[in-house]
Amino acid sequence: LLDGFDDAFMQGKLVPRTYPNPVKHDHLSIDFGEVHDNSVQIDIYSLSGSLISSRVYPVQDSMATIDVSQVPSGVYVLKMIVDSSTFSSRIIRQ
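Residues numbered from 1 in each chain as written. Predicted model: local features only at pLDDT ≥ 70, side-chain atom pairs only at ≥ 80, totals over all residues. Heavy atoms only, no water.

K.L.:
So what's going on with a nonpolar patch on the surface? Residues and values would help.
P.N.:
Side chains of L47, V75 and I92 sit close together on the surface and give an oily, nonpolar patch of about 230 Å² of accessible area. Mapped onto the secondary structure, L47 falls in the loop between β3 (39-46) and β4 (51-58). (Patch = residues over 30% accessible without salt bridge, like charges linked within 9 Å, V, L, I, M, F, W, Y side chains within 5 Å. Areas by Shrake-Rupley, 256 points an atom, 1.4 Å probe, with all protein chains shown as cover. Salt bridge = Lys/Arg side-chain N within 4 Å of Asp/Glu carboxyl O. Helix = DSSP H or I, 4+ residues; strand = E, 2+ residues; numbered from the N terminus.)

What follows is the structure, given as structure tokens:
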């Protein structure tokens, strides 16, 4: 899961970019580049594999804003499911 770029990465599609990282405030932005979907499922996991949060967010102009205000400080794995592709990224919540 930590290095979970699926076939989309291997086929040269753009990989979503998460910022800021570390997250110091209540929101994390995700830039999907050329993705033309209208929503993304975001699952946040602890490093031990526990699901912390799961929610569908709107994607507008290839961007999504994720609310992490209820996520405690720590290191997490962000799993993004969009356009039938799955991407994972490690984030730090301060």
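K.L.:
A description of the nonpolar core should follow, citing residues and the corresponding values.
P.N.:
Core analysis: the largest hydrophobic core is formed by 19 residues, its most contacted members being F32, V40, I42, I66, L78 and M80. Contributing elements (two or more residues each) for this core: β2 (27-31), β3, β5 (63-67), β6 (74-82) and β7 (85-93). Sequence-distant contacts of I66, that is, excluding residues within four places in its chain, are made with D26, H27, L28, I30, I42 and Y57. (Core = buried A, V, L, I, M, F, W, Y, C linked by side-chain atoms within 4.5 Å. Buried < 20%, exposed > 50% of the residue type's maximum accessible area, 1.4 Å probe, protein only. Contact = heavy atoms within 4.5 Å.)

K.L.:
Go over the environment of S88, please, and point to the residues and values.
P.N.:
Of note, S88 is situated in strand β7. For the pair formed by S88 and P16, sequence separation is 72 residues and the distance between their alpha carbons is 9.0 Å.

K.L.:
Tell me about the sheet that holds β5, and name the residues and values.
P.N.:
Spatial strand order, β1-β2-β5: three strands in an open sheet with antiparallel pairing. Edge positions in the sheet fall to β1 (17-19) and β5, since each of these pairs with one other strand and no more. In this sheet, adjacent strand axes meet at a mean angle of 25 degrees when their direction is disregarded. Both β1 and β2 contribute to a ladder of three bridges, which runs antiparallel. Its bridge partner lying in β2, R17 is registered against D31. (Pairing = 2+ DSSP bridges. Axes fitted to C-alpha atoms, helices over the stretch in contact; angles between N-to-C directions.)

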